Amino acid sequence: MMRAIHAENHRTHRIGWLRAAVLGANDGVVSTAALIVGVAGAGSDRGTVLIAGLAGLVAGAMSMAAGEYVSVSSQADAEAADRAREQEELATMPEAELAELRDIYVERGLDAELATRVAEQLMAGDALKAHLRDELGITESLAARPLQAAAVSAATFSVGAALPLGVAALAPSHVALWVSVATLAVLLVLGGLGSHAGGAPIRQGAMRVAFWGALALIATLAVGMVFGVAAG
C-alpha cells in the first residue's frame, strides 16, 4: 500500500528577501507620498511637487540600498566569524564539540544514549553544518545576503515610490487628497500581501500598515500647511 505524500509549504526560506521587499515597498510608498502631500499642502505648484517626489524616490532608493547592504553585511561578517571559530574548534577540540552537540540534543528531549549516537553520526558527516545549525542557528535559507537585500530594497522602494508619484502627475486637482487615497489603498494591498506571504492574518497586516501610513500622511500634511501659511 502506497503512503500518501505529506507536502509542507514552509515560508522561512523567504525571510531574507521578503523582509527587504516589504520594508522597501512600504517605505517607498509612505515616504514619497508623505513628501508629496507635505509639499502639496504647503501650496506648491504641481511641478515643484513632482520634482520633490522624484528627488525623494532617487534619494530613498539609494538610502535603502546602502542601509540594507551595511546592515546585512554586519550580520554576514558575524556569521563568517562564527563559522571560522567553529572550524577552528572542530579541528582542535573535536571531543568537546561532540559533547557540546550531544548536550544540545539532550536539552531538546533526547536521552543521553540516543543524543550521543545522533551527535556522532552528524560529526562523522558535515560537522560544521551541524554545529552552525544546531548551536548557532545559522542555516543556508536564513544566511545573510547583503547584495540581495540591497537590490531588493532599492527596487521595491522605487516601485513603491513610483505609485504616489504617478498619481500626483495624473491627478486632475487636489493632489494631496488623491495621493493620500491612493496611498492608503496601496498600503492595504501591500500589508495584506506581505502578511499572506509570511503566513500571517491578512486583515491584521493590511490594517497595521495602513494605520501607520495614515499617521505619516496626516503629520506631513499638517507640517506643509502650517509652514505654507507661515511662508505666505
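Structure first, text after, so check above.
In this text the structure is predicted, and so the values were computed from the model without any measurement. (Residues numbered from 1 in each chain as written. Predicted model: local features only at pLDDT ≥ 70, side-chain atom pairs only at ≥ 80, totals over all residues. Heavy atoms only, no water.)

Enquirer: Summarise the overall build of the protein; cite the residues concerned and give the values.
Expert: Counting its regular elements, the protein contains eight helices and zero strands. Its helices and strands taken in sequence order, the protein reads α-α-α-α-α-α-α-α from the N to the C terminus. Buried residues in the protein amount to 34% of all 232 residues. Carbon and sulfur atoms make up 67% of the accessible area of the protein, which totals about 13,600 Å². (Helix = DSSP H or I, 4+ residues; strand = E, 2+ residues; numbered from the N terminus. Buried < 20%, exposed > 50% of the residue type's maximum accessible area, 1.4 Å probe, protein only. Areas by Shrake-Rupley, 256 points an atom, 1.4 Å probe, with all protein chains shown as cover.)

Enquirer: I'd like a rundown of a nonpolar patch on the surface, residues and numbers included.
Expert: On the surface, L54, V58 and M62 cluster together into a nonpolar patch covering about 310 Å² of accessible area. Along the chain, the position of L54 falls in helix α2 (residues 46-92). (Patch = residues over 30% accessible without salt bridge, like charges linked within 9 Å, V, L, I, M, F, W, Y side chains within 5 Å. Salt bridge = Lys/Arg side-chain N within 4 Å of Asp/Glu carboxyl O.)

Enquirer: Give a description of the nonpolar core that names residues and reports values.
Expert: Core analysis: the largest hydrophobic core is formed by 19 residues, its most contacted members being I36, V175 and V179. Within the residue set of this core, elements represented by two or more residues are α1 (15-41), α2, α6 (146-170) and α7 (175-198). With sequence-adjacent residues up to four places away left out, V179 is seen in contact with A33, I36, V37, P164, V167 and A168. Core analysis: the next-biggest nonpolar cluster, separate from the first, contains 13 residues, I104, A115, A119 and A127 among them. (Core = buried A, V, L, I, M, F, W, Y, C linked by side-chain atoms within 4.5 Å. Contact = heavy atoms within 4.5 Å.)

Enquirer: How would you sum up the environment of V39? Please name residues and give values.
Expert: Tracing the sequence through the fold places V39 in helix α1. Between the alpha carbons of V39 and L221 there is a distance of 7.9 Å; along the sequence they are 182 residues apart. V39 has contacts with S44, T48, V49 and A52, leaving out every residue within four places of it along the chain.

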